[in-house]
Amino acid sequence: MTPVRVISTILNLMVIVAATSSNFVYSQQQPKRSQPTSKTAQTSKKVASTEKQKNAEQLVTRSKTKATEPPSPFDQMFLDAWKEAGTIQAEQATDVEFVRRIYLDTIGRIPTLDEARSSLAMNLSTRKGRRQLVEKLLEHPEYPRNFAVILRNALIGRNPMGGRDVDAPAFETWLRQQILQNVAWDKMVREMLAGEGPSNENGAVNYILAWARFGGSGLADENAATALTGKTTRVFLGLQIQCTQCHDHFLNSTWKQNDFWGINAFFLGMQREE
């Protein structure tokens, strides 16, 4: 899967989450009564509960009745989860709201007046129109720049642990070039984890320099790659296994201490030339 497609999926998720509500609160006020009997109170409570359930069932399927095409499998997962949890979908973002959000998410700024007018003319009331706008922005020249900054901050941070050894601008430039060339994500990761070359020429190697502690030409000590191991499993595998550095995971029986040090061993042969 290419970076563009991965990021497009992420953006779709961001748009959905931004346009939905996480909680449903039944706020219909009941008529005030002076000292209601317990039977009356129970009846009123039962009626309110029934109406709440009825409204939730109607509103959770709002997108099905208003959409011009069936929900995608991804959207259906949300609908099923909301129904099970008793939550409801908020009103769909207006075209103006959608344009503002998608510009910020993709190219990092709000649209100009001309861009907003052009976007609003793309029939954004349909899923097809909104998808076309997303695809258009993924081809925008400001998209690689914006997402290179986002990826740089996620991968090495604003102030990398490696300090002066890290050429952060070179790493950001490398990321931007990969996005521009539509390089597959697996190839980018492989270059970051196993690439070679000067840090100012092959920006990918700065990922290693940001998290490993070097002493001279080799790693400083046997624990010098533990931060790199924890970061790598977290950002590329989505796994929090750094606590298994010292002991088996208390909450996840799958990951053992040997797993952490097995991954860590991959990095122990690294060399650095001054």
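Further up the page is the structure itself.
What counts and how
- Residues numbered from 1 in each chain as written.
- Predicted model: local features only at pLDDT ≥ 70, side-chain atom pairs only at ≥ 80, totals over all residues.
- Heavy atoms only, no water.
- 1 Å grid on protein atoms, 1.4 Å probe; cavity = no way out; pocket = protein on both sides within 12 Å on 5 of 7 lines; lining within 4 Å.
- Points joined across faces, edges and corners; volume = space filled by probe spheres on them.
- Nonpolar A, V, L, I, M, F, W, Y, C, P; charged D, E, K, R; others polar.
- Axes fitted to C-alpha atoms, helices over the stretch in contact; angles between N-to-C directions.
- Helix = DSSP H or I, 4+ residues; strand = E, 2+ residues; numbered from the N terminus.
- Parallel < 35°, antiparallel > 145°, perpendicular 65-115°, else oblique.
- Left-handed = near helix turned anticlockwise from the far one by under 90°.
- Contact = heavy atoms within 4.5 Å.
- Salt bridge = Lys/Arg side-chain N within 4 Å of Asp/Glu carboxyl O.
- Buried < 20%, exposed > 50% of the residue type's maximum accessible area, 1.4 Å probe, protein only.
- Core = buried A, V, L, I, M, F, W, Y, C linked by side-chain atoms within 4.5 Å.
- Phe/Tyr/Trp six-rings, centres within 6.5 Å; stacked < 30°, edge-to-face > 60°.
- Lys NZ or Arg CZ within 6 Å of the ring centre and 35° of its normal.

**Here's the deal with the layout of surface pockets**
Roughly 650 Å³ of volume is contained in the second largest pocket. In this structure, the second largest pocket is lined by 20 residues; those nearest its centre are Gly197, Leu209, Gln271, Arg272 and Glu273. Among the residues making up the lining of the second largest pocket, the classes are represented as 10 nonpolar, 4 polar and 6 charged.

**Overview of the packing of helix α5 (residues 95-107) against helix α6 (residues 113-120)**
What describes two packed helices is the angle between their axes and the distance between those same axes. Orientation of α5 relative to α6, taken along the N-to-C sense of each, is 120 degrees, at an axis distance of 10 Å. Accordingly, the angle class assigned to the pair α5 and α6 is oblique. The element α5 and its partner α6 pack so that their crossing is right-handed. Across from Asp95, Val96, Val99 and Tyr103 in α5, the residues of α6 making contact are Glu115, Ala116, Ser119 and Leu120. Looking at the contact of α5 with α6 residue by residue, the class counts come to 5 nonpolar, 1 polar and 2 charged.

**Quick look at the side chain of His140**
Assignment of secondary structure puts His140 in the loop between α7 (127-138) and α8 (142-155). The contacts of His140, once residues within four sequence positions are left out, are Ile107, Arg109 and Glu115.

**Considerations on the pattern of salt bridges**
Using the criterion set out here, one finds 8 salt bridges in the structure. The partner of Arg127 in a salt bridge is Asp75, and the shortest N-O contact between them spans 3.7 Å. Taken together, the residues Arg127 in helix α7 and Asp75 in helix α4 (residues 73-85) connect sequence positions 52 residues apart. Between Arg109 and Glu142 there is a salt bridge; the shortest N-O distance is 2.9 Å. With Arg109 in the loop between α5 and α6 and Glu142 in helix α8, the pair connects residues that are 33 residues apart, well separated along the chain. Take Arg109: its relative accessible area is 22%, and that puts it in the partly exposed class. In this structure Glu142 comes out as partly exposed when scored by relative accessible area, which is 24%. A single network of salt bridges, built from pairs that share partners, joins Arg109, Glu115, Glu142 and Arg145.

**What to know about the environment of Ala93**
Along the polypeptide, Ala93 turns up in the loop between α4 and α5. As a C-alpha pair, Ala93 and Ser125 span 32 residues in sequence and 9.7 Å in three-dimensional space.

**What about unusual backbone geometry?**
Although it is not a glycine, Asn123 adopts a positive phi angle of roughly 55 degrees. Relative to the assigned elements, Asn123 resides in the loop between α6 and α7. You will see that Asn182, though not glycine, has its phi angle at about 60 degrees, which is positive. Judged by relative accessible area, Asn182 falls into the partly exposed class, the value being 37%.

**Details of the nonpolar core**
In terms of nonpolar packing, the biggest core is built from 42 residues, with Leu155, Ile156, Met192 and Tyr207 touching the most fellow members. Those elements giving two or more residues to this core turn out to be α5, α7, α8, α9 (168-180), α10 (185-194), α11 (206-211) and α12 (226-237). Discounting chain neighbours no more than four positions away, the residues touching Ile156 are Val166, Ala168, Phe171, Asn206, Tyr207, Ala210 and Trp211.

**Observations regarding the packing of aromatic side chains**
A complete count under the given rule lists 8 aromatic pairs for this structure. Ring centres of Phe171 and Trp174 lie 6.2 Å apart, and the angle between their planes is 15 degrees; on these two criteria the pair is classed as stacked. Taken together, the positions of Phe171 and Trp174, both in helix α9 and 3 residues apart, correspond to about one turn of that helix. Comparing Phe171 with Trp174, the two get one shared label, buried. Geometrically, the ring pair formed by Trp185 and Phe236 is tilted, given 6.2 Å between the ring centres and 55 degrees between the ring planes. Taken together, the positions of Trp185 in helix α10 and Phe236 in helix α12 put the pair 51 residues apart, joining distant regions of the chain. Members of the aromatic cluster, connected to one another through ring pairs, are Phe74, Phe78 and Trp82. Its guanidinium or amino end placed over the ring of Phe98, Arg130 lies 4.4 Å from that ring's centre, counting from NZ or CZ.

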